[in-house]
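Architecture at a glance
Residue strings, one per chain:
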Amino acid sequence: MMGSFVKKNNDFQLCRRAFITGSAGLALSSALPLTSALATGVREYHINATTGLAPLAGAGQPETSIWGFNGKVPGDEIRIPQGERLRVNVTNQLKEETTVHWHGIRVPNAMDGVSHLTQKPIKPGETFAYEFDVPDAGTHWYHPHQNGFEQVGRGLYGPLIVEERKPIQVDRDIVWVLDDWRLAKDAQISEGFGNLHDIAHNGRLGNTVTINGRDPDPLHVHAGERIRIRLINAANARIFGLNFASHNPKIIALDGQPVEPFEPSGGKVVLGPAMRADIILDMTQNAGEKFIVTDHFYQSQKYRLVNIVYGPERLRDAPPDTPITLPANTLPEPDLKTAERHDVRFNGGMMGGMMMGGKRDSGNMMNMMREGKVWFINGVAATGHVMDPLLTLTKDRSYILAMQNDTAWHHPIHLHGHSFRVLSRKGKPTPRREWQDTVLMAPRENVEIAFVADNPGSWMFHCHVLEHMAGGMMGVIRVA
Ligand code: C2O
Ligand code: CU
């Protein structure tokens, strides 16, 4: 049923691929809702969760009714220098409760925005003030942590950029927030959020991909130009695998955390839901040329995301040779020799028409499934955010989580309040031991991560395919 839906709507989608130009990226920045930089060094923003319209389906199509911060999708960019203090007053103008989670920022637990677990949800008409320091420079984002598959799915999210004290030199620094929408023929959002089919399979994959909430115009560039693109995957479920045609993007940060610059294998920049990648794109081709950026993560669904169009003039003979390595953030280094090791197994979902549970008997399984609980961490399917902790960790100790994906699906696994090093995949050490806050696990893959549990509180640990999360793939890790 889903298959035919996607097929039918592909035509609708493929003729007008979404993308945004650098100038539109700048326009986003100039729309800063910054209301004051107080003498105390606190930057204050006001954002309203409300409804709005967005040109998701492109020219000649009706605008789409969305939910967005300040009525826009993405919500206004929040931009703040590293080490400063941020205050965001969130007003809820929706008809339902909400919260805001600052994905990637190592905040104190009470500011983490997880409904019921870290705060009472913000009722319609209420305002909640979040305030915290931003320790880590990088590309982060914000989104609700209440009825997420619908609230984020309807467009409630925005970029949160923390500027380095000494930024690297680029000609342009732009933000691309990627999203994937399931639109009906009238260009309005299809209902059916959180249906059991989406939950038990790939999540809510859509039929219309946007960059910065709009149908894409070409990226106009100049030969010799150096562009930093901050990619943010805000989709509920779609994984992107971007190919920049005859260009070799270098990844300089993952999930906001600097990484030793590298060219991803096959030139493909892979981003699971919630993940970010900062890339350096040197415009190494010639004036007047045109290239197509494609997404070919899903083998059978390759499509054109956006065009790169070179203007007639050359900016410089060759890309600059200035360094592109970002200064590291100050993260506590896990001590692998003394780290305590815990196994974490992910089960569930459909596989060959069968529900794949943990140790549960099949009768119990069927009941769980009827209730929409189809995903398990260490044999437990979560209901809501409040539960007994999956793990209780001792503050300031080092931990290794040996995670095993026993399902037939990809899962981007996110831990709140911490960044972790990805130590190994399939038993092989990772070459860069990258810091991430969300790690994409392939079907049957095992991944080891390590971190120092230095941030006290109860932290969500969950799959960021928001339908999988709703279907139970979440837990609480308590640091005490
Ligand atoms: Cu993007 Cu639990 O979060
Ligand atoms: Cu998942």
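In this report, the structure presented in the accompanying data block is examined. (Residues numbered from 1 in each chain as written. Chains lettered and ligands numbered in written order. Predicted model: local features only at pLDDT ≥ 70, side-chain atom pairs only at ≥ 80, totals over all residues. Heavy atoms only, no water.)

**So, empty space enclosed by the protein**
Inspection of every chain in the model, using the stated rule, returns three cavities of 30 Å³ or more. Here the largest cavity defines a volume of roughly 60 Å³. In terms of lining residues, the largest cavity is bounded by Gly153, Asp179, Asp180, Trp181, Arg182, Ile189, Phe193, Arg204 and Asn236. Looking at the lining of the largest cavity residue by residue, the classes come out as three nonpolar, two polar and four charged. (1 Å grid on protein atoms, 1.4 Å probe; cavity = no way out; pocket = protein on both sides within 12 Å on 5 of 7 lines; lining within 4 Å. Points joined across faces, edges and corners; volume = space filled by probe spheres on them. Nonpolar A, V, L, I, M, F, W, Y, C, P; charged D, E, K, R; others polar.)

**Considerations on the coordination of the copper ion (ligand 2)**
In an ideal octahedron of six donors the angles at the metal are 90 or 180 degrees, and in an ideal tetrahedron of four donors they are 109.5 degrees. Of the protein atoms, only His411 (ND1), Cys463 (SG) and His468 (ND1) coordinate the copper ion (ligand 2), at distances of 2.0 to 2.1 Å. The buried category is assigned to His411, whose relative accessible area is 0%. (Donors = N, O, S within 2.8 Å, 3.2 Å for Na, K, Ca; no water. Buried < 20%, exposed > 50% of the residue type's maximum accessible area, 1.4 Å probe, protein only.)

**Quick look at the sheet that holds strand 6 (residues 101-103)**
With mixed pairing, the four strands of this open sheet are ordered in space as 4-9-8-6. Of all the strands in the sheet, just strand 4 (78-81) and strand 6 have a single pairing partner and so form its edges. With strand direction ignored, the average angle separating the axes of adjacent strands in the sheet is 25°. Summarising the sheet, strand 6 and strand 8 (residues 138-143) pair through three bridges and their orientation is antiparallel. Bridge pairing in strand 8 links His103 to Trp141. (Pairing = 2+ DSSP bridges. Helix = DSSP H or I, 4+ residues; strand = E, 2+ residues; numbered from the N terminus. Axes fitted to C-alpha atoms, helices over the stretch in contact; angles between N-to-C directions.)

**Things to note about the layout of surface pockets**
In this structure, the largest pocket encloses a volume near 760 Å³. Contributing to the lining of the largest pocket are 24 residues, with Phe262, Ser265, Val270, Arg425 and Glu434 lying nearest its centre. Contributing elements (two or more residues each) for the lining of the largest pocket: strand 15 (250-254), strand 17 (268-271) and strand 29 (428-429). The biggest single contributor to the lining of the largest pocket is strand 17, with three residues. When grouped by side-chain class, the residues that make up the lining of the largest pocket number twelve nonpolar, four polar and eight charged.

**Regarding the side chain of Arg79**
The residue Arg79 is located in strand 4 in this model. Reaching out from Arg79, the side chain makes a polar contact with the side chain of Glu77 at a distance of 2.7 Å. Here the side chain of Arg79 touches Glu163 through a polar contact of 3.3 Å, side chain to side chain. (Polar contact = N/O pair within 3.5 Å; in protein donor to acceptor, adjacent residues only side chain to side chain.)

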